[in-house]
Amino acid sequence: MKFVDEARIKVMAGDGGNGIVSFRREKYIPFGGPNGGDGGDGGSVLLRADPGLNTLSDFRYKRAFAAPRGQNGMGRDMTGHKGDDLIIPVPVGTVVRDADTGELIGDLTLPGQLLKVAQGGYHGLGNARFKSSTNRAPRQCTPGTPGEQRMLELELKLLADVGLLGLPNAGKSTLISRVSQARPKIADYPFTTLHPNLGVVSVGPLDSFVMADIPGLIEGAADGAGLGLRFLKHLQRTRLLLHIIDIAPVDDTHDPFDDARTVLEELDKFSAELADKPRWLVCNKSDLLLPEEADARCAALAAALGWEGPRYCISAASGAGTQTLNKAILQHLKTHPANNSDANA
Ligand SMILES: Nc1nc2c(ncn2[C@@H]2O[C@H](COP(=O)(O)OP(=O)(O)OP(=O)(O)O)[C@@H](O)[C@H]2O)c(=O)[nH]1
Ligand SMILES: [Mg+2]
């Protein structure tokens, strides 16, 4: 499946309903006055940030969205119905631009947030409105104005507190499925994960944070190889990166040190800002080693990398060490509050 984290859609607000010309016509009432009603306003198109969505892939199937027009006015001073607003759900973290001008229309960062992207047309006036002392039978009315139409460019930047970084098969998806309700596909082939997954990790009854699992990085990712590049930008809004490394001695083709270097080089190449983000080393698959051996390998890896920051040794599969990790993450997030640059990155 091709993951779409960008989409182009056309939005068309409804036209305003026309006002009409009509006169009161009743038996025994000669020269009944004007009674043409106003039209109704056209429906506007709005986007709403929906926490239940995390891809823009729905927009592959439906790309044009039209709100209904306002009803025309009617005789007997009846106003036309207003066209209902059309609300399109998009994932939280969607950035909206005008595709023609590139102008930033808005950034949907909060669940439930609404953004008007096309204004419905205004109603036209019926002839009853034009009645005056000098003109008792006006034949004037105005049409509704057209609804706004525009092409939008949607771009999804996920909002997560913690991002998982690592080579394919490091166990990122296994970790997120172990510690949250997220259920991404897990398999022992590279690029199992094709699009980002978000999971809420609950540490205590009132304490939780959001973790983002993205597709694995490979050498050359920053230049476009594999899938990683287009997802690295999702990590820009996170506050902490977990660099997941498979430390299992599977065979000679895989070396934790080389794996770690590859990821760090891609990170450096991609963005200095991302490379400077707080980052922890997380050695995974400890269950495949004896406990002392796992710790020793993790320590040796840190030494080889010259890594002095926090490091954890876990098994995403068995859950060993993940509670300790989660508590430390929560502590970090509490003591390093988000600043605005995180939200606006
Ligand atoms: N024994 C063991 N196997 C693990 C552990 N974590 C992950 N695996 C296995 O490693 C393989 C890859 O795991 P995934 O979670 O799909 O890896 P990923 O990092 O998400 O990979 P991509 O989505 O391709 O980037 C799967 O076969 C997992 O069962 C672990 O802690 N112990
Ligand atoms: Mg995965």
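Everything numeric here is computed off the predicted structure, so don't read it as measured data.

Definitions and cut-offs
Residues numbered from 1 in each chain as written. Chains lettered and ligands numbered in written order. Predicted model: local features only at pLDDT ≥ 70, side-chain atom pairs only at ≥ 80, totals over all residues. Heavy atoms only, no water. Near = heavy atom within 4 Å. Polar contact = N/O pair within 3.5 Å; in protein donor to acceptor, adjacent residues only side chain to side chain. Areas by Shrake-Rupley, 256 points an atom, 1.4 Å probe, with all protein chains shown as cover. Phe/Tyr/Trp six-rings, centres within 6.5 Å; stacked < 30°, edge-to-face > 60°. Helix = DSSP H or I, 4+ residues; strand = E, 2+ residues; numbered from the N terminus. Expected span 1.5 Å × (residues − 1). Buried < 20%, exposed > 50% of the residue type's maximum accessible area, 1.4 Å probe, protein only. Arc of directions from axis to C-beta. Contact = heavy atoms within 4.5 Å. Axes fitted to C-alpha atoms, helices over the stretch in contact; angles between N-to-C directions. Parallel < 35°, antiparallel > 145°, perpendicular 65-115°, else oblique. Left-handed = near helix turned anticlockwise from the far one by under 90°. Nonpolar A, V, L, I, M, F, W, Y, C, P; charged D, E, K, R; others polar. Salt bridge = Lys/Arg side-chain N within 4 Å of Asp/Glu carboxyl O.

What follows concerns the site of ligand 1. What surrounds ligand 1 is a group of 24 residues, the closest being Lys 172, Thr 174, Phe 191, Thr 193 and Asp 287. At a separation of 2.8 Å, an oxygen atom of ligand 1 approaches a polar side-chain atom of Ser 173. The separation between an oxygen atom of ligand 1 and a polar main-chain atom of Gly 216 is 3.0 Å. For ligand 1, the protein covers 87% of the area, taking 650 Å² as the surface of the free molecule.

On to the packing of aromatic side chains. Pairs of aromatic rings are described using the distance from one ring centre to the other and the angle between the two planes. Scanning all chains against the criterion turns up two aromatic pairs. Centre to centre, the rings of Phe 59 and Phe 65 are 5.8 Å apart; their planes meet at 75°, and the pair counts as edge-to-face.

Note that Pro 291 resides in helix α5 (residues 291-305). Between the C-alpha atom of Pro 291 and that of Cys 313, which follows or precedes it by 22 residues, the distance is 9.5 Å.

Turning to α5, a few remarks are in order. Compared with the 21 Å implied by 1.5 Å per residue over 15 residues, the 21 Å span of α5 between its first and last C-alpha is a close match. All buried positions along α5 are accounted for by Ala 294, Cys 298, Leu 301, Ala 302 and Leu 305. Taken down its axis, α5 places every buried residue within 100° of arc, on the same side. The exposed residues of α5 that point more than 90 degrees off its buried face are Glu 292 and Ala 303. Against β12 (240-246), α3 (256-270), β13 (279-284) and β14 (311-313) lie the buried residues of α5.

Quick look at the side chain of Asp 38 now. For Asp 38, the location among the structural elements is in the loop between β1 (6-12) and β2 (45-50). Asp 38 gets classed as buried once you look at its relative accessible area, which sits at 7%. Here Gly 126 takes part through its backbone nitrogen, which lies 2.8 Å from a polar atom of the side chain of Asp 38. Those residues in contact with Asp 38 that lie beyond four places of it in its chain are Asn 18, Gly 19, Asn 72, Gly 73, Met 78, Thr 79, Gly 80, His 123, Gly 124, Leu 125, Gly 126 and Arg 129.

Here we take up the packing of α3 against α5. Contact pair α3 / α5: the axes reach a minimum separation of 10 Å and the direction vectors enclose 45°. One element, α3, and the other, α5, form an angle in the oblique class. Considering how the two elements wind past one another, α3 and α5 form a crossing that is right-handed. Only Arg 297, Leu 301, Ala 304 and Leu 305 of α5 make contact with α3, whose side of the interface consists of Pro 256, Phe 257, Ala 260, Arg 261 and Leu 264. Looking at the contact of α3 with α5, its residues break down into seven nonpolar, no polar and two charged.

Moving on: the pattern of salt bridges. The full count for this structure, using the stated rule, is eleven salt bridges. Between Glu 153 and Arg 8 there is a salt bridge, and its shortest N-O distance comes to 3.3 Å. Placement of the pair is Glu 153 in strand β8 (residues 149-156) and Arg 8 in strand β1, with a sequence separation of 145 residues. Across the pair Arg 129 and Asp 38 runs a salt bridge whose closest N-O atoms are separated by 2.3 Å.

Shape descriptors only; they carry no functional weight alone.
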